[in-house]
Amino acid sequence: MKRRNFIKGLLYGTGGTVAVMGGFGTFSNLNDLKAEDKGKGSETTVFSSCEICRNQCPIAVKVKDGKVIKIEGNPNDSAFGGVICARGNAGPSLLYDPQRIKKPMIRTGERGQGKFKEVSWDEAYTYIADKLYNIKDEYGGEAIASASRKGPHDWFFRSIGKALGSPNFFSHEATCPLTRSVGLDTTFGGEAFAADYGNAKYLISIGRNWFEGIQVAQARAVAKAISNGAKLVVLDPRFSVTASKGEWLPIKGASDLAFVMAMANILITENLYDQNFISQYAEGFDKWADEVKDKTPEWAEKETGISKDKIIQITREFAAAKPNAILDFGWRTAYTPNDYQLRRAILIVNMMIGNLEVPGGYYQNKSAAFLKNFSDQASYAKGLGAVKQPNFPKAAKGRIDGTGVKGTPGQLIPAYDGAVGQILESILTEKPYPIKAWLVHRFNPYISITESAKALEAFKKLDLLVTCDLYMTDTAYYSDVVLPECTYLERYEPIFDMSGLTPKYVLRQPAVSVVYPETKPYWQIYKELAEKMGLGEYFEFKDMEDYLTQQLSPAGLTLDQMKEKGVWTPPGMKPFYLRVNDPKASLDFVLATKSKKIQIFSEEVEEAVKQGVPKYVQYPQPEEGKFRFVQGKVAVHTNAGTANIPVLNELMPENSLWMNTAVGTKLGLKDGDSIVVSSGKYEQKGKLKLTEGVRPDTVFCYHGFGRISPELKRAYGKGINDNYLIPNEIGVVGNTVTSTTFVAVRKA
Ligand SMILES: Nc1nc2c(c(=O)[nH]1)N[C@H]1C(S)=C(S)[C@@H](COP(=O)(O)OP(=O)(O)OC[C@H]3O[C@@H](n4cnc5c(=O)[nH]c(N)nc54)[C@H](O)[C@@H]3O)O[C@H]1N2
Ligand SMILES: Nc1nc2c(c(=O)[nH]1)N[C@H]1C(S)=C(S)[C@@H](COP(=O)(O)OP(=O)(O)OC[C@H]3O[C@@H](n4cnc5c(=O)[nH]c(N)nc54)[C@H](O)[C@@H]3O)O[C@H]1N2
Ligand code: SF4
Ligand SMILES: [Mo]
């Protein structure tokens, strides 16, 4: 394969052919599959969805002689336009990678020594079942924690711990968009909101990097807005690909709230905000106006490093484009401890230009359940059903992270997600009580949660660590039991609700039989484990076709119908914005707060953290010789998930530390130097990249490198693990905190 051709096909192309690297395993119908030998002898297309990241973009998988030869975007979905991203092309490279884990394994040596024996599934289940029941008997079911990347697997995966009486479930969200979710919840009364980038005339990003932190439909929508003449402004301490498409404002890290509050100040003093919108739909505006009274552009210039004239200019332009302008609410929103206040402030400034439920603004996702409220839309409301589960036993104790406790910050944390960083703390301190077992699915706490060394210490203290993954990840390497899943190209999954301006359902189905005969889909793994443990009653379905039928039939849809196009939206339905024809339309069904108003002042937030409107918190700036350390995504890798996938590893085998050229030169450092980056307690070795594209007081690296599992033979030992350097600070709403650590850099 020529690397250039591969790259050419990647981003906005039609999906280049990815050469399949590595050998083929034996095919078998052991598992998921009645997809038998789709496409034997001839080329066929199977519509499914990608999982190289959790966006689940719709795909068209080209299969020839029972093998995946190419993946393209599913042309049946206009928002995606038949396009996938660079990483999505790498599906076959993952599928046929001989370095995937192929059999269940049980640890035989010391933890972290990497000694395992291959076992049968039955032995693996028996081992886990015995350990879990012993731990439950000795410490109570609450000593079992479960953590996964949020997704459809949760329903199956979480059933094990729940059935044993544990309240301790965690998604990865605290490391990702949790502060945004809390911001949305406390301001609008729900999380299911999105931005209509494609129709915006003005876009301001606060770190949101659409062209490297990719979701294909969003990247296309932003690109469309720009090509239609929208202005893009990007606040980021480093020059991202997105910044290169607009005006880059290299803001001081952790100071964004000052910029946003100054925008509010200007909108008020220059009378540029939408008073009608605010008085009809919002409450608590006076308290906010009071709070931002002294947040002048002059003040914000000192905090952010962006000139007052620039802040005024941007705010005026933003207001002039109202209501078709978006101050973006971010995605990975874990910069500072109080990040959720930044997210609330962003939402409030948006509401000051009245951009809710209009094209080019924010909107509530139009799910079937939502549409039922509107007589002219109800015919499109085809809601999915769910497989029923009996009630789980009530947990004897509260959660370790205090989620749900009234009058504390825990009150604000969604119980579904929790504060995943707390698991490390509770294992080590045994407070509020010990955690003895950790079940991990599709998640790599070593790389993904802050303070990797603490994760290793915590792993060592556990009685049971189980990891289900595709690879022998760093966390798997320290586990007692490793469970090999088959890939997304080899399995069914529940229907994915991707509703936006219309309802949308996306199918995942196997394109080929399992490549490695002893790998299984998660639904089967957890169903079989539950049955082994005498908990089969929680898995009331025969197989995934049965599960999908139970899901689809209430919507009047069939599995065959879903297979035809891979995606479904109600035929004939137009994008639904509530205020497009009537700017005074009721938003009673959009705003699920008690008062049915936008809570600029939130009583709930006041009760939980004594800050009913967002207040400014000033974070320290790095002293001479130190740098603020920030991180982010790169277009050709997903988080901690792809560093070892052959073609993606070939494209980018490691990261480097970005430092401002003038500063580096002054320190006697050269581009490409081997360096040590130190946060005091912890150090990482890596390579230096000198660039104009980062503030002089900041260093940056791409996330997901510096892997310690020798079984990741391509990625092992390469690059810098950002989370090795960052302390495991738990933010106000349970979030991790990744932009307030300072580091020093020296030649290795
Ligand atoms: N190619 C690719 N696409 C992905 C992913 C991936 O791994 N790879 N991951 C997916 C996931 S899980 C997510 S959450 C999204 C993430 O999408 P984004 O949130 O857009 O991406 P990040 O790269 O995490 O963060 C964006 C930027 O924040 C900047 N930044 C850091 N600290 C600060 C600060 O204090 N202030 C400001 N203004 N900027 C700061 C960083 O320099 C970085 O450029 O992308 C998704 N899409
Ligand atoms: N310092 C710092 N920390 C960060 C970030 C940062 O920018 N800076 N980014 C944060 C963000 S936004 C996120 S979302 C998290 C991501 O954290 P994670 O959710 O841990 O990362 P992922 O890359 O999504 O992959 C997790 C694991 O899932 C496995 N996997 C992939 N597909 C499958 C499958 O089909 N089945 C199974 N069983 N496993 C599978 C992969 O092999 C990988 O080991 O990290 C966060 N941590
Ligand atoms: S954004 Fe890329 S990697 Fe993620 S699901 Fe979509 S095509 Fe796959
Ligand atoms: Mo994320």
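Residues numbered from 1 in each chain as written. Chains lettered and ligands numbered in written order. Predicted model: local features only at pLDDT ≥ 70, side-chain atom pairs only at ≥ 80, totals over all residues. Heavy atoms only, no water.

Quick look at helix H4 (residues 154–163)
Because an α-helix packs 3.6 residues into every turn, residues spaced three or four apart end up facing the same way.
Working step 1: Judged by how many residues are buried, H4 sits mostly within the fold: eight of ten residues are covered.
Working step 2: All of the buried residues along H4 are Asp-154, Phe-156, Phe-157, Arg-158, Ser-159, Ile-160, Gly-161 and Ala-163.
Working step 3: Positioned one or two residues after H4, Gly-165 has a phi angle of 90 degrees, which is positive. (Buried < 20%, exposed > 50% of the residue type's maximum accessible area, 1.4 Å probe, protein only. Helix = DSSP H or I, 4+ residues; strand = E, 2+ residues; numbered from the N terminus.)

Some words on the pattern of salt bridges
Working step 1: All told, the structure shown has 42 salt bridges when counted by the stated rule.
Working step 2: A salt bridge links Glu-247 to Lys-231, with the nearest nitrogen and oxygen atoms 3.1 Å apart. With Glu-247 in strand E11 (residues 247–249) and Lys-231 in strand E10 (residues 231–235), the pair connects residues that are 16 residues apart, well separated along the chain.
Working step 3: Overall, Lys-231 belongs to the partly exposed group, its relative accessible area being 25%.
Working step 4: One salt bridge in this structure joins Asp-290 and Lys-293, with 3.3 Å as the shortest N-O distance.
Working step 5: Its relative accessible area of 51% is what places Asp-290 among the exposed residues.
Working step 6: When salt bridges with common partners are traced through the structure, they connect Glu-51, Arg-54, Arg-442, Glu-485, Arg-491, Glu-493 and Arg-508 into a single cluster. (Salt bridge = Lys/Arg side-chain N within 4 Å of Asp/Glu carboxyl O.)

Things to note about the domain arrangement of the protein
Working step 1: Domain assignment breaks the protein into domain 1 (16–96 + 492–519 + 542–576), domain 2 (102–188 + 398–485 + 520–540), domain 3 (193–364 + 580–609) and domain 4 (627–747).
Working step 2: In this structure, domain 1 and domain 4 have C-alpha centres spaced 34 Å apart.
Working step 3: In this assembly, ten residues from domain 1 lie in contact with ten residues from domain 4.
Working step 4: In total, domain 1 and domain 4 occlude about 740 Å² of area from one another, counting both sides; carbon and sulfur atoms represent 75% of this.
Working step 5: Across the domain 1-domain 4 interface, the total number found is zero salt bridges.
Working step 6: In terms of residue class, the side of domain 1 that touches domain 4 is made up of eight nonpolar, one polar and one charged. (Domains from an automatic or database assignment. Contact = heavy atoms within 4.5 Å. Buried area = accessible area lost by both parts, 1.4 Å probe. Nonpolar A, V, L, I, M, F, W, Y, C, P; charged D, E, K, R; others polar.)

Topic: the site of ligand 3
Working step 1: Taken together, Cys-50, Ile-52, Cys-53, Asn-55, Gln-56, Cys-57, Ile-84, Cys-85, Arg-87, Gly-88 and Ile-214 make up the full set of residues adjacent to ligand 3.
Working step 2: In terms of residue class, the shell around ligand 3 is built from seven nonpolar, three polar and one charged. (Near = heavy atom within 4 Å.)

Brief notes about the environment of Thr-175
Working step 1: One can find Thr-175 in the loop between strand E7 (169–171) and helix H5 (178–188).
Working step 2: Between the alpha carbons of Thr-175 and Ile-449 there is a distance of 6.7 Å; along the sequence they are 274 residues apart.
Working step 3: Beyond its immediate sequence surroundings of up to four residues, Thr-175 is in contact with Arg-332, Ala-334, Val-420, Ser-448 and Thr-736.
Working step 4: A polar side-chain atom of Thr-175 sits 2.7 Å from the main-chain carbonyl oxygen of His-172. (Polar contact = N/O pair within 3.5 Å; in protein donor to acceptor, adjacent residues only side chain to side chain.)

Overview of the sheet that holds strand E5 (residues 116–118)
Working step 1: Spatial ordering of the open sheet is given by E5-E4-E17-E16-E15-E6-E7, a layout of seven strands whose pairing is mixed. Each edge of the open sheet is held by one strand with a lone partner, namely E5 and E7. Here the strands of the sheet are splayed against their neighbours by 15 degrees on average, with no regard to which way each runs.
Working step 2: Of the pairings in the sheet, the one linking strand E16 (residues 464–469) to strand E17 (residues 481–484) comprises four bridges and is parallel in character. Its bridge partner lying in E17, Val-466 is registered against Val-481. (Pairing = 2+ DSSP bridges. Axes fitted to C-alpha atoms, helices over the stretch in contact; angles between N-to-C directions.)

Remarks on the packing of helix H14 (residues 422–429) against helix H16 (residues 452–461)
Working step 1: Relative to each other, H14 and H16 sit at 50 degrees, their axes nearing to 9 Å. When the axes of H14 and H16 are compared, the pair comes out oblique. As H14 runs across H16, the sense of the crossing is left-handed. The segment H14 lies against H16, with Leu-424, Glu-425, Ile-427 and Leu-428 engaging Lys-454, Ala-455, Glu-457, Ala-458 and Lys-461.
Working step 2: The residue inventory of the contact of H14 with H16, partitioned by class, reads five nonpolar, no polar and four charged. (Parallel < 35°, antiparallel > 145°, perpendicular 65-115°, else oblique. Left-handed = near helix turned anticlockwise from the far one by under 90°.)

Things to note about the packing of aromatic side chains
Working step 1: Here the structure, examined in full by the defined rule, presents 32 aromatic pairs.
Working step 2: Here the aromatic rings of Phe-156 and Phe-539 are separated by 6.5 Å at their centres, their planes lie at 40 degrees, and the arrangement is tilted. With Phe-156 in helix H4 and Phe-539 in the loop between helix H18 (522–532) and helix H19 (544–552), this pair connects stretches of sequence that are 383 residues apart. The burial state of Phe-156 is the same as that of Phe-539; both residues are buried. (Phe/Tyr/Trp six-rings, centres within 6.5 Å; stacked < 30°, edge-to-face > 60°.)

Re the confidence of the model for the protein
Working step 1: On average, the protein scores 94 in pLDDT, and the residues at 70 or more come to 95%.
Working step 2: Looking at the elements of the protein, mean pLDDT is at its lowest for helix H1 (residues 3–8), recorded as 34, and at its highest for strand E13 (residues 325–327), recorded as 99.
Working step 3: Predicted confidence for residues 1–37 stays below pLDDT 50, and this span has 95 contacts to residues more than four positions away or in other chains. (pLDDT = per-residue confidence, 0-100.)

Some remarks on the sheet that holds E10
Working step 1: Pairing is parallel across the open sheet formed by four strands, whose spatial order is E11-E10-E9-E13. Taken across any chain shown, the strands that pair with only one partner, and hence form the sheet edges, are E11 and E13. For this sheet, the mean inter-axis angle between neighbouring strands, taken without regard to orientation, is 15 degrees.
Working step 2: On the sheet, helix H12 (residues 339–352) packs against strand E9 (202–206) and E13 and is oriented at approximately 165 degrees with respect to E13.

A look at the nonpolar core
Working step 1: Judged by nonpolar contacts, the single largest core of 129 residues is most densely connected at Leu-132, Trp-288, Val-349, Leu-356, Tyr-526 and Ile-598.
Working step 2: Ranked by the residues each element gives to this core, the list is headed by helix H7 (residues 256–269), at ten residues.
Working step 3: If you look at the next biggest cluster of nonpolar residues, it comprises 60 residues, including Val-420, Ile-447, Val-743 and Val-745. (Core = buried A, V, L, I, M, F, W, Y, C linked by side-chain atoms within 4.5 Å.)

As for unusual backbone geometry
Working step 1: Backbone torsion omega between Lys-322 and Pro-323 reads 0 degrees, so that peptide bond is classified as cis.
Working step 2: Backbone torsion omega between Lys-431 and Pro-432 reads 0 degrees, so that peptide bond is classified as cis.
Working step 3: As for its placement among the helices and strands, Pro-432 is situated in the loop between H14 and strand E15 (437–441).
Working step 4: The phi torsion at Ala-254 lies on the positive side, around 65 degrees, for a residue other than glycine.
Working step 5: Mapping Ala-254 onto the fold places it in the loop between E11 and H7.

Observations regarding the site of ligand 2
Working step 1: Around ligand 2 sit 27 residues, and of these Ser-448, Asp-469, Glu-485, Lys-633 and Asn-723 come closest.
Working step 2: Asn-444 has a polar backbone atom sitting 2.9 Å from an oxygen atom of ligand 2.
Working step 3: Its free accessible area being 910 Å², ligand 2 has 97% of it covered by the protein chains.
Working step 4: At the level of secondary structure, the elements contributing two or more residues to the shell around ligand 2 comprise E16 and helix H24 (722–725).
Working step 5: In the shell around ligand 2, the residues fall into six nonpolar, 13 polar and eight charged. (Areas by Shrake-Rupley, 256 points an atom, 1.4 Å probe, with all protein chains shown as cover.)

Concerning the environment of Ala-530
Working step 1: With respect to the helices and strands, Ala-530 occurs in helix H18.
Working step 2: For the pair Ala-530 and Val-609, spaced 79 residues apart in sequence, the C-alpha to C-alpha distance is 40 Å.
Working step 3: With sequence-adjacent residues up to four places away left out, Ala-530 is seen in contact with Ile-160, Leu-535, Gly-536 and Phe-539.

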